[in-house]
Amino acid sequence: MNATLSKKVALRGLLIAAVTGATMLSIPVPGFRLYFNFGEGIIYLAALLLGPAWGAAAGGIGASLADLILGYPLWAPFTLIIKGAEGYVTGTVGKRSPLLGIAAGAAVMIAGYTTMAGVLYGWAAAPVELVTDLVQCGMGAALALAALNPLRKALSRSSGDGR
């Protein structure tokens, strides 16, 4: 295994772990089995820096592990699909424009979780989920956009191409 491949594997594993950790920095929403978390920005960064496949892996696997650890096992399979799709869409659309990629990924996440909250807990829970997700995506977008270029430059210096 060459040094560049080793760095890529390590970086990708760290991003999955970072999504898990950032998602675990959560704030429960009183009265609902929902929580606000800080993993969104890491999903966006993984997708924009490493592409759609690794955005999907970091988002889906990382956030699902957090659901399991935090005691939300019911959400884990939905999270795997929703956050995986969010990372994939962000990485795909983000090749053209990081901001549009984040917006498209956020739309997938917000639609997925709002729908699932309505199905699982009744449609009265959907607006609470929607507002929580809008704030979470906004904060994640701000974090990702602020960190994107410095991280891209650092990756380019260490690997030669930023990927």
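What comes next concerns the included structure. In this text the structure is predicted, and so the values were computed from the model without any measurement. What you see as residue numbers is a count from 1 along each chain, following the sequence as written. Thresholds applied to this predicted model are a pLDDT of at least 70 for local features of residues and 80 or more for the giving and counting of side-chain atom pairs; totals over whole chains, interfaces and linings are not thresholded and use all residues. Note that water and hydrogens are dropped before the side-chain values are worked out from all heavy atoms of the structure.

A look at the overall build of the protein chain
Here is the rule we go by: Numbered from the N terminus, helices here are DSSP runs of H or I no shorter than four residues, and strands are runs of E no shorter than two. Computation of the radius of gyration draws on C-alpha atoms, with the globule rule given as 2.2 Å multiplied by the number of residues to the power 0.38. Accessible area is worked out with a 1.4 Å probe on protein chains only. A residue is then buried under 20% of its type maximum, exposed over 50%, and partly exposed in between. Under the convention used here, a 1.4 Å probe and the Shrake-Rupley method define accessible areas, while residue burial counts only the protein chains that appear. In summary, the charge assignment counts Lys and Arg as positive and Asp and Glu as negative, without counting His or the chain termini. Where a charge lies is defined by one atom per residue type: Lys uses NZ, Arg uses CZ, Asp uses CG and Glu uses CD.
For the protein chain, the helix and strand inventory stands at six helices and two strands. Along its sequence from the N terminus, the protein chain presents helices and strands in the succession α-β-β-α-α-α-α-α. Taking 2.2 N^0.38 as the reference for a compact globule, 163 residues should give roughly 15 Å; the C-alpha atoms of the protein chain span a radius of gyration of 15 Å, in line with that estimate. The buried share among the 163 residues of the protein chain stands at 46%. When the accessible surface of the protein chain is totalled, it reaches about 7700 Å², and 74% of it is carbon and sulfur. Here the protein chain contributes 11 positively and 6 negatively charged side chains, and the mean placements of these two sets differ by 14 Å.

Here we look at the packing of helix H1 (residues 3-24) against helix H2 (residues 40-50)
Helix packing for two helices is described by the angle between their axes and how far apart those axes are. Counted only if it meets this: What counts as an axis is a line fitted to C-alpha atoms, over the stretch in contact for a helix, and the angles between N-to-C directions run from 0 to 180 degrees. Should an angle fall under 35 degrees it is called roughly parallel, over 145 degrees roughly antiparallel, and 65 to 115 degrees roughly perpendicular, with every other angle called oblique. Crossings are sorted by hand: turned counterclockwise from the far helix by less than a right angle, the near helix makes the crossing left-handed, and turned clockwise it makes it right-handed. Throughout, a residue-residue contact means that at least one pair of heavy atoms, one from each residue, lies within 4.5 Å. When residues are grouped by polarity, Ala, Val, Leu, Ile, Met, Phe, Trp, Tyr, Cys and Pro land in nonpolar, Asp, Glu, Lys and Arg in charged, and all others, Gly among them, in polar.
Across the interface, H1 lies against H2 with an axial gap of 9 Å and an inter-helix angle of 160 degrees. By the criterion of interaxial angle, the relationship of H1 to H2 is roughly antiparallel. Here the hand of the crossing between H1 and H2 comes out left-handed. Contacts between H1 and H2 involve Leu-11, Arg-12, Leu-15, Ala-18, Val-19 and Ala-22 from the former and Ile-42, Ile-43, Ala-46 and Leu-50 from the latter. Each residue belonging to the contact of H1 with H2 can be placed in one class, and the counts come to nine nonpolar, no polar and one charged.

Re the packing of H2 against helix H5 (residues 98-121)
Close contact between H2 and H5 brings their axes to 11 Å; oriented N to C, the two are set at 130 degrees. Regarding the angle of H2 to H5, the classification is oblique. Two packed elements cross with a definite hand, and for H2 against H5 that hand is right-handed. Facing H2, whose interface residues are Glu-40, Tyr-44 and Leu-48, H5 presents Pro-98, Ile-102, Ala-106 and Met-109. Considering only residue class, the contact of H2 with H5 consists of six nonpolar, no polar and one charged.

Thoughts on helix H3 (residues 52-70)
Note the following rule: One less than the number of residues in a helix, times 1.5 Å, gives the span that helix is expected to have.
Taking 1.5 Å per residue, 19 residues should reach 27 Å; H3 reaches 26 Å between its end C-alpha atoms and fits that length. For H3, the complete set of buried residues consists of Pro-52, Gly-55, Ala-57, Ala-58, Gly-59, Gly-60, Gly-62, Ala-63, Ser-64, Ala-66 and Asp-67. Count one or two residues on from H3 and you reach Gly-71, which has phi positive near 90 degrees.

A closer look at the environment of Asn-37
Applicable threshold: As used in this structure description, the phrase polar contact means that two N or O atoms lie within 3.5 Å; if the pair is within protein, one of them must be able to donate a hydrogen and the other to accept it, and residues adjacent in sequence are counted only when both atoms belong to side chains.
Considering the arrangement of structural elements, one finds Asn-37 in the loop between strand S2 (34-36) and H2. By relative accessible area, which is 6% here, Asn-37 ends up buried. Each C-alpha atom of the pair Asn-37 and Ala-107 lies 17 Å from the other, and the pair is 70 residues apart in sequence. Those residues in contact with Asn-37 that lie beyond four places of it in its chain are Ala-22, Thr-23, Leu-25, Ser-26 and Gln-136. Among the polar contacts listed, one links the side chain of Asn-37 to the backbone nitrogen of Gly-39, at a separation of 2.8 Å.

Quick notes on the environment of Tyr-35
Within the fold, Tyr-35 resides in strand S2. Tyr-35 gets classed as buried once you look at its relative accessible area, which sits at 12%. Among residues more than four places away in sequence, those in contact with Tyr-35 are Thr-23, Ser-26, Ile-27, Pro-28, Val-29, Ala-66, Asp-67, Leu-70, Tyr-72, Thr-132 and Gln-136.

Description of the nonpolar core
The line we're drawing: We call a set of buried residues a nonpolar core when its members are Ala, Val, Leu, Ile, Met, Phe, Trp, Tyr or Cys and they connect through side-chain atoms within 4.5 Å of each other.
Of all hydrophobic cores here, the largest spans 30 residues; its most connected members are Val-19, Tyr-44, Leu-49, Trp-75, Ile-102, Met-109 and Cys-137. Listed by contribution, the elements that provide at least two residues to this core are H1, H2, H3, H5 and helix H6 (126-159). Considering every element that reaches this core, the biggest residue donor is H2, with eight residues. Look past the residues within four positions of Cys-137 in its chain and what remains in contact with it is Glu-40, Tyr-44, Ala-106, Met-109 and Ile-110.

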